[in-house]
Amino acid sequence: MSDDLLFDIFEPGETPLPHADDEVAVGIDLGTTNSVVAISRSGKPEVLRDAKARTLIPSVVAYGLDGSVIVGEEARELILDRPHDVVSSIKRLMGRGIEDIKAVAGQLPFEVDGDASGMVRIKVAGRTLTPVEISADILRAVRAQAEQALGKKAPKAVITVPAYFDDAARTATKDAARLAGIEVLRLVNEPTAAALAYGLDQGAEGLYAVYDLGGGTFDVSLLRMEKGVFQVKATGGDAALGGDDIDHMIAEKFLHERSEADLNPGKVKQALMTARVAKECLTAREAGEWMLEFDGRTSRHALTRVELDAMIAPLVGRTMAICRQVLEDGGAAPSDVKGVVLVGGSTRVPAVRQAVADLFGAMPLANINPDEVVAVGAAQQAEALTVGSDTLLLDVTPLSLGLETMGGIVEKVIFRNTPIPTAMAQEFTTYQDGQTAMMIHVVQGERELVSQNRSLARFTLSGIPAMAAGAARIRVSFTVDADGLLTVSAREMTTGVESQVQVKPSYGLSEDEMANMLKDSMEHAKEDMAARLLAESKVDAKRNALAVKAALTHDGDLLSKEEWGLIDQALAKVDAACQGTDREAVLAASDALELATKPFAEKRMDRGIRKALAGVSMDNLEKRVGE
Ligand code: ADP
Ligand code: MG
């Protein structure tokens, strides 16, 4: 029999789609300073290069008055000539509202404005663009670089985002991808991707730290790896600390040495570019000399590694202080950490590496290029999600998600650090007789009271049939998809009335705010609990009082004048106690009310049984009891 006669037979449903070979899924690190794209095939990752063999795509976009869009190194080079047409660091504004960035708007290198809905708009080259549109331009270029390198279409990607990115920033990232014609297989946290690239999900369980010093931002995350799942135990960072600051220090020194009298933005930018070259050179060399040329004058500037180390010592020290804080937040000592992963181009600086090694008492993992490692992890995840592999990645929710209940108390539905995707449901009931609508208020955070957490969305479930308080069964479901986006739905179970929202807040939380929210919740845990208990006891007391009042209107005829008077007094005491802040008083008044109404309750019960039995034969009664 010749080989030609053999057919490939696939499992049902496993037959490859025609042309599937022409399409691949890639991993994209959409960075503040640089973006990187990689692919993994048969478990082997490869960072994709442009025609000039460069892997890093500066996240910089130059817009022309003629409508042209240039992305990457070529755009970065235009910063000097056309500063008003070039946008950089747009990632900082993803998912932010104009209110969030008011304080820093003046420091941004481009003009920002808010539109009617509070969304940020950037004015550049006579156009008004959103951060989503600008990020989409970067992603289009990233995709083009991948397709050029592969000779295949790359319409699907795993895209990484900082661990502290909230719903709004994640949604904005997905929207940008959609605009660029990319289907997002999943958004993955950057530290998680870096940990994956090192195969930590396959290795020993335990704590790992990811130290990420990029161009303009510093992030450190403490991850716990357990059964192949990474949980973010704690994060910290500084959104305004990175390699750019080192460039500033060096440029300042150079300009000072040159004793430049009149400085204009052009000269400063040129000095910064030279400084960056000097900095990157000193990673590999001990010393060097650089030229600065403008206004027809050339100056020479020498710098040694030792001088640079001294210059940046305070900056490195700051990152160490943040690392220690994150360890403390995560309840861990440096020696508890099994491994440290270095991420970000600035971790190439030898002094940075040494400081990390000193703090954790072990050499950090750095054999994968620190500015490519996130894209590599994303690529592996993309392969796992399309072709399949052993790497199963789960992320976790960064903050708890919950609902407002009576008394302004938060009922957490999904707890912080729950692996996603996840879905949880909880049943609630109506508080008042005849209540036909229920306001659902979705909040995010760790504190006990609604007012101390972040409000994500409100919606109303209406059309609930009028029933006695507590009779309606309203099931509220929270679903967080694999990208961390939340959908909340509410359904009245007896009637099937339903309502839902997808949570897309119009602006987000900064990393600092997020860290503060976590810190606050720990600091205030005790008083929050007391406030919660007080609020809960008031809700209970008021609910009982309402029920008694309702009973009085229906069955008040069962009572003597004296009995009625006693109950009225007890009700007044409950009202008074609920005005105050003494939980014991509320509980006592509530107990007293219960005692005062006990005979009444018994009489009502007798009447109820009698009513129920009227006209029921023995047969029926058994049936009823059995129901
Ligand atoms: P981001 O995550 O912010 O997009 P990257 O991880 O790409 O940024 O890091 C960019 C930063 O890394 C820049 O400040 C760049 O100067 C710095 N960097 C890159 N290579 C080196 C090097 N060899 N030595 C020192 N710094 C470097
Ligand atoms: Mg980065």
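Relevant structure appears above.
Residues numbered from 1 in each chain as written. Chains lettered and ligands numbered in written order. Predicted model: local features only at pLDDT ≥ 70, side-chain atom pairs only at ≥ 80, totals over all residues. Heavy atoms only, no water.

Participant: Which residues make up the overall build of the protein chain, and what values go with them?
Facilitator: A count of helical and extended segments in the protein chain gives 15 helices and 28 strands. When the 627 residues of the protein chain are sorted by exposure, 49% land in the buried category. Here the analysis covers contacts within the protein chain between residues at least 6 apart in sequence; of these, 65% occur between residues at least 24 apart. When the accessible surface of the protein chain is summed, it comes to about 30100 Å², and 53% of that surface belongs to carbon and sulfur atoms. (Helix = DSSP H or I, 4+ residues; strand = E, 2+ residues; numbered from the N terminus. Buried < 20%, exposed > 50% of the residue type's maximum accessible area, 1.4 Å probe, protein only. Contact = heavy atoms within 4.5 Å. Areas by Shrake-Rupley, 256 points an atom, 1.4 Å probe, with all protein chains shown as cover.)

Participant: Residue-level account of the pairing of strand β12 (residues 183-189), with values.
Facilitator: Look at any regular strand and the pattern is simple: side chains alternate between the two faces of the sheet. β12 sits mainly inside the fold: 5 of its 7 residues count as buried. Pairing geometry for strand β11 (residues 153-161) and β12, over 6 bridges, is parallel. Across the sheet, Val161 pairs through a bridge with Asn189, a residue of β12. Regarding the hand of the β-α-β motif, the stretch spanning β11, helix α4 (residues 167-179) and β12 is right-handed. (Pairing = 2+ DSSP bridges. Right-handed = clockwise from strand over helix to strand, strands pointing away.)

Participant: Tell me about the pairing of strand β1 (residues 23-30), residues and numbers included.
Facilitator: Counting buried residues along β1, 7 of its 8 residues qualify, which places the element largely inside the surrounding structure. The pairing of β1 with β11 spans 6 bridges and is parallel. For Ala25, the partnering residue across the bridge sits in β11 and is Lys156. With 4 bridges connecting them, β1 and strand β2 (residues 34-41) associate as antiparallel partners. Pairing of Asp29 across the sheet is with Val36, part of β2. Counted along the chain from β1 to the antiparallel partner β2, the turn is 3 residues long.

Participant: Please provide a residue-by-residue account of the nonpolar core, values included.
Facilitator: Among the nonpolar cores identified, the biggest contains 47 residues, and Val26, Ile28, Leu93, Ile122, Leu139 and Ile159 are the most heavily contacted of them. Broken down by element, this core gets its largest block of residues, 8 residues, from helix α3 (residues 131-150). Membership of the second largest hydrophobic core comes to 43 residues, among which are Leu292, Ala351, Val352 and Val356. (Core = buried A, V, L, I, M, F, W, Y, C linked by side-chain atoms within 4.5 Å.)

Participant: Pulling in residues and values, what's your account of the site of ligand 1?
Facilitator: Around ligand 1, a shell composed of 18 residues is seen, among which Thr33, Asn34, Lys279, Glu280 and Thr283 lie nearest. Taking Gly345, its main chain carries an N or O atom lying 2.9 Å from an oxygen atom of ligand 1. Its free accessible area being 590 Å², ligand 1 has 91% of it covered by the protein chains. Tallying contributions element by element places helix α7 (residues 265-284) first for the shell around ligand 1, with 4 residues. Its residues placed into classes, the shell around ligand 1 shows 1 nonpolar, 11 polar and 6 charged. (Near = heavy atom within 4 Å. Polar contact = N/O pair within 3.5 Å; in protein donor to acceptor, adjacent residues only side chain to side chain. Nonpolar A, V, L, I, M, F, W, Y, C, P; charged D, E, K, R; others polar.)

Participant: So what about the sheet that holds strand β15 (residues 229-238)? Which residues, and what values?
Facilitator: The strand order across the open sheet built from 4 strands is β15-β14-β13-β18, with neighbouring strands paired in mixed fashion. Because the sheet does not close on itself, it has two edges, and the strands there are β15 and β18 (337-343). The sheet shows a mean angle of 20° between the axes of neighbouring strands, direction not considered. Summarising the sheet, strand β13 (residues 206-213) and β18 pair through 6 bridges and their orientation is parallel. Note that in β18 the partner of Val210 across the bridge is Val341. Across the face of the sheet, helix α5 (residues 190-197) comes into contact with β13, β14 (218-226), β15 and β18 while running at roughly 60° to β14. (Axes fitted to C-alpha atoms, helices over the stretch in contact; angles between N-to-C directions.)

Participant: So what about the packing of helix α6 (residues 243-257) against α7? Which residues, and what values?
Facilitator: Their axes nearest at 8 Å, the elements α6 and α7 cross at an angle of 110°. Between α6 and α7, the crossing angle belongs to the class labelled roughly perpendicular. For the element pair α6 and α7, the recorded crossing hand is right-handed. Of α7, the residues touching α6 (which contributes Gly243, Ile246, Asp247, His248, Ile250, Ala251, Phe254 and Leu255) are Ala271, Leu272, Thr274, Ala275, Arg276, Ala278 and Lys279. (Parallel < 35°, antiparallel > 145°, perpendicular 65-115°, else oblique. Left-handed = near helix turned anticlockwise from the far one by under 90°.)

Participant: Pulling in residues and values, what's your account of the packing of α3 against α4?
Facilitator: Contact geometry for α3 and α4: axes closest at 8 Å, N-to-C directions at 55°. Looking at the two axes, α3 sits oblique to α4. For the crossing formed where α3 meets α4, the hand is right-handed. From α3, Val132, Glu133, Ser135, Ala136, Leu139 and Arg140 reach across to α4, where they touch Ala172, Asp175, Ala176, Ala177 and Leu179.

As far as function goes, none of this settles anything; it's purely spatial.
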